[in-house]
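As a plain string of letters, each chain reads:
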Amino acid sequence: MDKTGPGIYLHVPFCLSKCSYCSFYSCTGTDDTLIRQYHAAVTRRLTTLQQLVPWKDLTFTTIFFGGGTPSILPVPLLADLVTHIQKSFSVTSGQAEISIEVNPATINQEGLVKLRQAGFNRLSIGFQSLDDQQLKRIGRPHSANDALETYAVARKAGFTNISIDLMYGLPDQAPQQWSKILDQAMELEPDHISMYELTLEAGTPLATAVDKGAVSLPDEDTVMEMMATTRETISHTPLERYEISNYARPGYRCLHNLNYWNNGSYLGIGPGAVSAFEGKRWSTREDLAQFTNAANSHESQEGEVEVLDHEAYFRETVMIGLRLTEGIDLKKLHDRFSIDPVIYYGKTLTHLLDRKLLKLDGQKLSLTHHGLALANTVMAELV
Ligand code: SF4
């Protein structure tokens, strides 16, 4: 198991335009003034947070700039924010994983070199597809060539840990098209790849178009075929599947996300960002103006708060942990919660083992190959 610890997430809520499937909080049509106000607000917020328990007592091992589209921010502001975070909190010196999400065509080689110099050591590039028509249909503001170009200049800029994001199950997508995209992506030899099935989020333009019958998504069998293609293609590469949707070369797993899957603590900064500490989870309101005002007046920014009791926190840790292909360590779980998972789940666990959806190997409980494809069904029984 990779060593993980608490992480800091900065939500950068700006995008060039809104992709048709996206329900994340982000603003479009932003101007320089708004961006500078956001930067000033984050800086002030850091000053407040660095004095607060538990954050002031933790040593963070990862920093992640996500969005939105962080690469819309001018590079000097990104560099300033990452420096500010490192000065505000205790961050493992010299070894912290510091990631940033970038979108194709929003940053050039010079900017990427500066990000490296500022301390970012991991890049996540949002490809989503390598088919221009598909990209257009889902409202991505870049071409396949932009994606390939951004990847190439990122390597030239010295990034040795690059992840790419792809989506499958796109409108009218055929398995052959997915297979072609996958082959092209593998030719790049990425260190890490995240592949998500497109899911319809209520209220998005894509969900409305599907509801109206104007757009159709591939059926379940077709999606299963795409998943089989993914397994086959990946098996010829050095990438290993370590989570339901994530694959990495040995030594390149995303430590920031591993902390989420271990149900660890994390501090979220920015509108819409979520923080968690020992069973309590709370989000910052999805409102840029409110975030800016509250940060300036050092007010509390808690939006929705969820406090899990001990058993609910335990069950959640089991479910999130099972997303990892190596599964969960029952002894460690028992040490952490003083609950024996085998006794706690009793017959439910026996049934899942009998149906070969879960497997038990010594102290490790994990999804089987079959269980990985039916993860939602398994989770529903363990909730
Ligand atoms: S770039 Fe990312 S965050 Fe922005 S709208 Fe598209 S999917 Fe959503």
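Residues numbered from 1 in each chain as written. Predicted model: local features only at pLDDT ≥ 70, side-chain atom pairs only at ≥ 80, totals over all residues. Heavy atoms only, no water.

Some thoughts on the overall build of the protein chain
Within the protein chain one finds 15 helices and 17 strands. Taken against the 2.2 N^0.38 rule, which gives 21 Å for 383 residues, the C-alpha radius of gyration of the protein chain at 21 Å falls within 12% of a compact globule. C-alpha extents for the protein chain along the principal axes are approximately 60 × 50 × 45 Å. Here the protein chain holds 383 residues, and 52% of them are scored as buried. Counted over contacts in the protein chain with a minimum sequence separation of 6, partners at least 24 positions apart contribute 68%. For the protein chain, the exposed area adds up to about 17,300 Å²; of that, 50% sits on carbon and sulfur atoms. Taking the average location of the 34 positive side-chain charges in the protein chain and that of its 45 negative ones, the two points are 4 Å from each other. (Helix = DSSP H or I, 4+ residues; strand = E, 2+ residues; numbered from the N terminus. Rg over C-alpha atoms; globule rule 2.2 N^0.38 Å. Buried < 20%, exposed > 50% of the residue type's maximum accessible area, 1.4 Å probe, protein only. Contact = heavy atoms within 4.5 Å. Areas by Shrake-Rupley, 256 points an atom, 1.4 Å probe, with all protein chains shown as cover. Lys, Arg positive; Asp, Glu negative; His and termini not counted. Charge placed at Lys NZ, Arg CZ, Asp CG, Glu CD.)

Let's talk about the packing of helix α11 (residues 310–321) against helix α13 (residues 341–354)
To characterise two packed helices, one gives the angle between the axes of the helices and the distance between these axes. Where α11 meets α13, the closest approach of the two axes is 12 Å, and the angle between their N-to-C directions is 75°. By the angle between their directions, the pair α11 and α13 is classed as roughly perpendicular. Packed against α11, whose contacting residues are Glu-311, Phe-314, Arg-315 and Val-318, the element α13 presents Pro-341, Tyr-344 and Tyr-345 at the interface. Tallied by class, the residues present in the contact of α11 with α13 amount to 5 nonpolar, no polar and 2 charged. (Axes fitted to C-alpha atoms, helices over the stretch in contact; angles between N-to-C directions. Parallel < 35°, antiparallel > 145°, perpendicular 65-115°, else oblique. Nonpolar A, V, L, I, M, F, W, Y, C, P; charged D, E, K, R; others polar.)

What to know about the nonpolar core
If you look at the biggest cluster of nonpolar residues, it comprises 71 residues, and the most contacted ones within it are Phe-65 and Phe-89. Top element by residues in this core is helix α2 (residues 75–88). It accounts for 7 residues. Setting aside residues no more than four positions away along its own chain, Phe-65 makes contact with Leu-10, Pro-70, Leu-78, Leu-81, Val-82, Ile-85, Ser-99, Ile-100, Glu-101 and Phe-120. Counting residues in each nonpolar core, the second largest holds 25 residues, with Tyr-313, Leu-333, Phe-337 and Met-379 among its members. (Core = buried A, V, L, I, M, F, W, Y, C linked by side-chain atoms within 4.5 Å.)

So, the side chain of Arg-140
Turning to its location among the elements, Arg-140 is positioned in the loop between α4 (132–137) and α5 (144–156). Separated by 3.1 Å, the side chains of Arg-140 and Tyr-21 make a polar contact. If near-sequence neighbours (up to four positions away) are discounted, Arg-140 is found in contact with Cys-19, Tyr-21, Asn-103, Gly-126, Gln-128 and Leu-135. (Polar contact = N/O pair within 3.5 Å; in protein donor to acceptor, adjacent residues only side chain to side chain.)

Things to note about the site of the ligand
The local shell around the ligand consists of Cys-15, Ser-17, Lys-18, Cys-19, Tyr-21, Cys-22, Gly-68, Thr-69, Asn-103 and Arg-140. The residue makeup of the shell around the ligand, split by class, is 4 nonpolar, 4 polar and 2 charged. (Near = heavy atom within 4 Å.)

A short note on helix α15 (residues 375–382)
For α15, the complete set of buried residues consists of Ala-375, Val-378, Met-379 and Leu-382. Projected onto a plane normal to the axis of α15, the buried residues spread over an arc of 100° and lie on a single side. Seen from the buried face of α15, the exposed residues on the opposite side, beyond 90 degrees, are Asn-376 and Ala-380. Elements in contact with the buried residues of α15: α11, α13, β16 (358–361), β17 (364–367) and α14 (369–373). (Arc of directions from axis to C-beta.)

Some thoughts on the packing of α11 against helix α12 (residues 330–337)
Where α11 meets α12, the axes come as close as 11 Å, and the angle between the chain directions of the two elements is 160°. Between α11 and α12, the angle falls in the class roughly antiparallel. The handedness of the crossing between α11 and α12 comes out as right-handed. For the pair formed by α11 and α12, the contact residues are His-310, Tyr-313, Phe-314, Thr-317 and Val-318 on the first element and Leu-333, Arg-336 and Phe-337 on the second. Tallied by class, residues from the contact of α11 with α12 come to 5 nonpolar, 2 polar and 1 charged. (Left-handed = near helix turned anticlockwise from the far one by under 90°.)

Some details on the domain arrangement of the protein chain
For the protein chain, the assigned domains are domain 1 (7–261) and domain 2 (310–382). One C-alpha centre belongs to domain 1, the other to domain 2, and the line joining them spans 29 Å. Of the residues lining the interface, 11 residues belong to domain 1; the matching set on domain 2 comes to 11 residues. For the pair domain 1 and domain 2, the summed buried surface comes to about 980 Å²; carbon and sulfur atoms form 61% of the total. It is Arg-241, Ile-244 and Trp-261 in domain 1 that bury the most area against domain 2; as a group they hold 52% of the surface buried on that side. The interface formed by domain 1 and domain 2 includes 2 salt bridges. In this structure, the salt-bridge partner of Arg-253 is Glu-326, at a minimum N-O distance of 3.8 Å. The tally of links between domain 1 and domain 2 comes to 5 residue pairs in polar contact (both at pLDDT 80 or more). Put simply, the parts of the chain that give the side of domain 1 that touches domain 2 at least two residues each are α8 (220–234), β9 (240–243) and α9 (255–261). (Domains from an automatic or database assignment. Buried area = accessible area lost by both parts, 1.4 Å probe. Salt bridge = Lys/Arg side-chain N within 4 Å of Asp/Glu carboxyl O.)

As for the environment of Asp-287
Checked against the element boundaries, Asp-287 lands in the loop between β13 (280–284) and α10 (288–296). By relative accessible area, Asp-287 is classed as partly exposed at 33%. For the pair Asp-287 and Cys-27, spaced 260 residues apart in sequence, the C-alpha to C-alpha distance is 9.4 Å. Excluding residues within four positions of it along the chain, Asp-287 makes contact with Tyr-25 and Pro-271. Of note is the side chain of Asp-287, whose polar atom sits 3.1 Å from the backbone nitrogen of Gln-290.

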